[in-house]
Amino acid sequence: MRGRRTDGLGRLFGTRVRLLRLLAGGGTLSTGLLVGVQVVRAVVPTARALSVGHLVAVFGRGQLDWPVFAAAALVAGLFLIDQWVWLALAAVRPLVVRRIDGGLRAGLRTLAVNLPGLDRLESREFQDRAARAVDVGTGFGRERSPGTAAVGQLELVFRMVSAVGATVLLATFSVPLAVGLLAVSLLIRRTLRRQWLGIIDVLDADTIGQRRNYYVSEQAVYGAAKDVRLFGLSDWFAGRMRATTMRTYGPVWRRQLAVLRRQWWIVLFSVGAAVATMAVPAAAVFAGSLDPAQMITYVLAGFGIMEIGRMGEEAFDIEYGLRGVEATDELAAEYRTTRRSGSPTTVTPRRPADEPGGAPPTIRFEEVVFRYPGATRPVLDGLTLTLRPGETVAVVGENGVGKTTFVKLLGGLYRPDSGRITVDGVDLATLDPMAWRQRLAVLFQDFVRYPASLRDNVALTAAERVSGRPADDDAVRDALDRAGATTLLADLTDGLDTSLWREGTGGTDLSGGQWQRVALARVLFAVAAGRRVLVLDEPTAHLDVRAEAEFHERVVSRVRDATTLLISHRLSTVRPAGRIILLRAGRVAEDGSHDDLMALGGGYARFFTVQAEAFAARERG
Ligand SMILES: Nc1ncnc2c1ncn2[C@@H]1O[C@H](COP(=O)(O)OP(=O)(O)OP(=O)(O)O)[C@@H](O)[C@H]1O
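The structure presented is a predicted model; accordingly, all values stated were derived computationally and were not measured.

A. A look at the environment of E367. Inspection of the secondary structure puts E367 in strand β1 (residues 363–370). E367 sits 220 residues away from R587 along the chain, and the two C-alpha atoms are 8.8 Å apart. Apart from the residues lying within four places of it in its own chain, the contact partners of E367 are G382, L383, T384, S418 and G419.

B. Geometry of the site of the ligand. Surrounding the ligand, one finds 15 residues, the nearest of these being G400, K403, T404, T405 and H569. In this structure, Y372 approaches the ligand through a side-chain N or O atom, which is 3.3 Å from a nitrogen atom. In this structure, an oxygen atom belonging to the ligand sits 3.0 Å away from a side-chain N or O atom of N399. Contact with the protein chains removes 63% of the 640 Å² of surface that the ligand exposes when unbound. It is helix α15 (residues 403–410) that provides the largest number of residues to the shell around the ligand, a total of 4 residues. A breakdown of the residues in the shell around the ligand according to their chemical character gives 4 nonpolar, 7 polar and 4 charged.

C. Structural view of the side chain of T386. With respect to the element layout, T386 can be found in strand β2 (residues 380–387). Separated by 2.5 Å, the side chains of T386 and R364 make a polar contact. For T386, the residues in contact, after removing those within four places along its chain, are T362, I363, R364, E391 and R579.

D. Molecular detail of the side chain of Q195. Its place among the elements puts Q195 in helix α7 (residues 175–204). Beyond its immediate stretch of four places on either side in the chain, Q195 contacts R255, V259, R262, Q263 and I266.

Parameters at a glance
Residues numbered from 1 in each chain as written. Predicted model: local features only at pLDDT ≥ 70, side-chain atom pairs only at ≥ 80, totals over all residues. Heavy atoms only, no water. Helix = DSSP H or I, 4+ residues; strand = E, 2+ residues; numbered from the N terminus. Contact = heavy atoms within 4.5 Å. Near = heavy atom within 4 Å. Polar contact = N/O pair within 3.5 Å; in protein donor to acceptor, adjacent residues only side chain to side chain. Areas by Shrake-Rupley, 256 points an atom, 1.4 Å probe, with all protein chains shown as cover. Nonpolar A, V, L, I, M, F, W, Y, C, P; charged D, E, K, R; others polar.

Okay, here's the thing in structure tokens:
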């Protein structure tokens, strides 16, 4: 809970102005229309009070002439306008809201994409803020976002204008009554706001609610669909959902009950204000100082003032959406600070890396130490290693020893805590990260299955090859062929144009092994496009035995002019590599050819023997 409401008036005013400024992002025409509608809504109550009073006055003359009809038409017209503005509001409001939210999200997207490393992106702080910034908070069945907050603020401004207009009108009869009614109404509003908005703090502090959505949608419907059916997990999911719903809404319901119990004095004040609104003008009529027509005008003006005491939805819109605006501002400010301070995630362009297509570089890890944020132990702990241009190096080691982490550091996705990584003698930290990455082609263990055509799935990661012109289909076919996906291509009815997005229209899906071949073709295409460091993290994990056996011959040995880094637990993938490195405890424990390491009789030899025995046993069995 942040206690924003106890902050000073200056800050409150500042945030309100910030919300109004957001309206500029809603588009000139739509925002202009919205303002127009709000002006009409603000004017209607006072105009209605005057027009009804006027109608009664002209009616009282006892003649059915044109002034009577004109006054009646005015009252009816105002009634109709009041109805129509709602229609206009329903059309324009969402447009303005979407535009404001879209603009803020686009800014956030740019910010996230431009953060060069993953460390900031993965930090809990960043993720909390990003989640808050794009949260549409459907807690009370109504969307709340920065856009709705800005529009709500505009609505509130005009509700105030409307109340002030009614106050001025009533003040022509009685200043104390007008000012008193306005003061009581504002007090009621302030109290209601304080009472009800506490609920937003309860919802806001709730991260379990987000997990609730996880049980309902993401996992239950798609990701875990097979498990749910095969293991009969639907009751488990439903139970988790019920439990998290109770944890989320239990406190909210208790808070709502507590607020309702405290409404008695608000009722008293409201009834008192309503009685005064009617009794004071009525007394003046009895005293002969006011005629009945004027009395109606002033009574209606009084009720017009009291309208501001009603806390509309806009108060929730403002308060909830403000959290998104604040989170967006905090992210933007933090990003600016990061740029200025030149911290490890700075995006300031530095020395250009060599262009793609040159010779493979010499890469050195010098005493590199790296620990994930929040982790107790370093994953890499004094890693020293040189990758010479054009060599094929296999990296092996137990699960979790840090092989993928090593690749992430090589890609500049994280920076070492100490030590350094050099590229042809130049510290990687001083290179332009984007340019450096254009020299790498990395197939991660958890490669991405892009919802796009087969052609795009292969060609899109070498954007420098295809940007501005259509992908070279021969090069795409060649990459697919080398990845062993020729049969797959032949089987697809639309060839390279086949959409691999099953959820999309006419799309198809592939098996795990087929996807792996497509992902492999992607990095081979990138190497053919000039990338000079090829990294293959478990590239044979999904392949069948024959494809695995052919892998070195078909794929690795045909890679020219690039350094190849192979990470695998499979001996047939690792063994033919010219050099094998065993990682242990965050450093290089063994380094040499297969024969060297077998002769050493250390960890690699044990790893090899266990696998070879298991394989032989399988063959015998
Ligand atoms: N983003 C992350 N944040 C925190 N810890 C992480 C993160 N990614 C990996 N780790 C931890 O770092 C360690 C090394 O992980 P890494 O993925 O590099 O291992 P690996 O050697 O590639 O393992 P495997 O053989 O199972 O693929 C593990 O203990 C893992 O839990």
